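Observations on chain architecture
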Amino acid sequence: MAGVSVDEAMRRAVELAARGLGTTSPNPVVGCVLLDAAGQVVGEGFHAYAGGPHAEIVALAQAGERARGGTAVVTLEPCDHTGRTGPCSTALVRAGVARVVIAVPDPNPLATGGAATLRAAGIQVDTGVREAEAEAGNVAWLTSMRRGWPYVIWKFAATVDGRSAAADGTSMWITSEAARMDVHALRGTVDAVLAGVGTVLADDPRLTARNLRDGTLAIRQPLRVVVDTEGRTPADARVRDGAARTWIATAAEVGTGPDGRVDLPALLAALHGRGIRAALLEGGPKLAGAFLAAGLVDKIVGYVAPRLLGAGPTALVDAGVNTIAEAIDLEFIDVTQVGPDLRITALPRKREG
């Protein structure tokens, strides 16, 4: 039987890593495939949850003695430190693998160094195989670790003409049930959901991840964060219902920005300190505008309903754009139909200068 190429094994490792999305934070998602000396797959693994065995350990357990003289193909540089689990670099050395192929180096200063440890033990180490794919699959964690604040996704729902509600304020529901279920799945992949106090006062959202068909809550709930400059969140607001952890982030606690409101960079730094690596910004239009104006949004996911209102609140206000030359340009990376609605995924393009 023909063996598997390193490239094919890394593609499989990237697929495996994706299974950990939403459950590994504050750790990264990682996939690993072990090939024996003949190139046959003898072990597979992915990091399933924080505190659990790492991908390499799972794959080594499957392979047993067949790992000796073989190749470990892993999406992220094996860790070189002891935390809740031991260093994967040492485990690979003890298993007697002859080669380790890494897609992306580890940017975490506490864990990096695995490649050097492996080379020092006489193991061949190669890097950069399917690096772009592995980066994309782990983008939130990698971005957060490299810069010190979470990866921020702005999600909005609107009609074709950009309205988030009708002229009388009614907004239930702009989009379909299929789109709303998709949003709850998206919430399940992040560590925190952010909303402004205006949204809490107007809509009283739960901000939980749940199954809309039966109302059951997902096992893992993101931290609910209300950006509330003056502490106006009511005591009986649904975000205080105990269904998930909640942080009412006030200016008194976080600090005040130039606009007199909660300092957004300081808020993100504080969230990173709490282990938040990916955050979903859900509302409202003023808070979204402030994040965009400050260049703090990494990805946009918009649900566009096939409806026209012609009047009413818009999904976004005041993003710091005064002329067409200042427009925030986007790169569309995906357009998918979800029920009758369109889900548009885009990346803000960095401005020069």
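Residues numbered from 1 in each chain as written. Predicted model: local features only at pLDDT ≥ 70, side-chain atom pairs only at ≥ 80, totals over all residues. Heavy atoms only, no water.

As recorded in an unreviewed UniProt entry, the protein goes by the name Riboflavin biosynthesis protein RibD, listed as coming from Micromonospora reichwaldensis. The heading Function (unreviewed entry) in the UniProt record of the protein holds the text "Converts 2,5-diamino-6-(ribosylamino)-4(3h)-pyrimidinone 5'-phosphate into 5-amino-6-(ribosylamino)-2,4(1h,3h)-pyrimidinedione 5'-phosphate." (UniProt positions renumbered as here; feature names shortened; annotations may be inferred.)

Moving on: the sheet that holds strand β8 (residues 223–227). Here we have eight strands laid out as an open sheet, ordered β9-β8-β7-β10-β6-β11-β13-β12, and mixed in their pairing. Each edge of the open sheet is held by one strand with a lone partner, namely β9 (246–249) and β12 (330–338). When strand polarity is set aside, the average angle formed by the axes of neighbouring strands in this sheet is 20°. Here strand β7 (residues 192–196) pairs with strand β10 (residues 278–283) via four bridges, running parallel. (Pairing = 2+ DSSP bridges. Helix = DSSP H or I, 4+ residues; strand = E, 2+ residues; numbered from the N terminus. Axes fitted to C-alpha atoms, helices over the stretch in contact; angles between N-to-C directions.)

Once that is clear, we can look at the UniProt feature "domain: CMP/dCMP-type deaminase" (unreviewed entry) in the protein. Under the local residue numbering, the UniProt record ascribes the feature "domain: CMP/dCMP-type deaminase" (unreviewed entry) to residues 4–126. In residues 4–126, the share of helix is 30% and the share of strand is 21%. The end C-alpha atoms are 17 Å apart.

Moving on, we get to the nonpolar core. Ranked by size, the top nonpolar core spans 38 residues in total, and within it Leu 34, Leu 60, Val 73, Leu 92, Val 97 and Val 100 carry the most contacts. Sorting the residues of this core by element identifies α1 (6–18), β1 (31–35), α2 (55–63), β3 (71–76), α3 (88–95), β4 (99–104), α4 (114–120) and α6 (139–147) as the ones contributing at least two each. The element contributing the most residues to this core is α1, with six residues. In this structure, Val 100 is in contact with Ala 72, Val 74, Pro 78, Leu 92, Leu 118, Ile 123, Gln 124, Val 125 and Asp 126, ignoring residues within four places of it in sequence. Grouped together as the second largest cluster of nonpolar side chains are 30 residues, Phe 156, Leu 267, Leu 281 and Ala 319 included. (Core = buried A, V, L, I, M, F, W, Y, C linked by side-chain atoms within 4.5 Å. Buried < 20%, exposed > 50% of the residue type's maximum accessible area, 1.4 Å probe, protein only. Contact = heavy atoms within 4.5 Å.)

Attention now moves to the packing of aromatic side chains. Per the stated rule, a full pass over the model turns up one aromatic pair. One residue, Arg 180, lies across the ring of Trp 173, its end atom 4.1 Å from the ring centre. Over the aromatic face of Trp 247 sits the side chain of Arg 274, whose NZ or CZ is 3.9 Å from the ring centroid. (Phe/Tyr/Trp six-rings, centres within 6.5 Å; stacked < 30°, edge-to-face > 60°. Lys NZ or Arg CZ within 6 Å of the ring centre and 35° of its normal.)

Once that is clear, we can look at the sheet that holds strand β5 (residues 124–127). Pairing is mixed across the open sheet formed by five strands, whose spatial order is β2-β1-β3-β4-β5. For this open sheet the edge positions go to β2 (41–46) and β5, each flanked by a neighbour on one side alone. Here the average twist between neighbouring strands, direction ignored, is 15°. Examined bridge by bridge, β4 and β5 share four bridges and lie parallel to one another. Looking at the pairing, Arg 99 lines up with Gln 124 of β5. Packed onto the sheet, α1 meets β1, β2, β3 and β4 and runs at close to 145° relative to β1.

With an omega of 10°, the peptide bond between Ser 25 and Pro 26 qualifies as cis. By secondary structure assignment, the location of Pro 26 is in the loop between α1 and β1. Of the consecutive residues Gly 283 and Gly 284, the connecting peptide bond is found in the cis state with omega at 0°. Residue position: Gly 284 is located in the loop between β10 and α11 (285–293). For Asp 204, which is not a glycine, the phi torsion comes out positive at approximately 50°. Located in the positive-phi region is Leu 207, a residue other than glycine, with phi close to 60°. Along the polypeptide, Leu 207 turns up in the loop between α8 (197–203) and β8. The buried category is assigned to Leu 207, whose relative accessible area is 3%.

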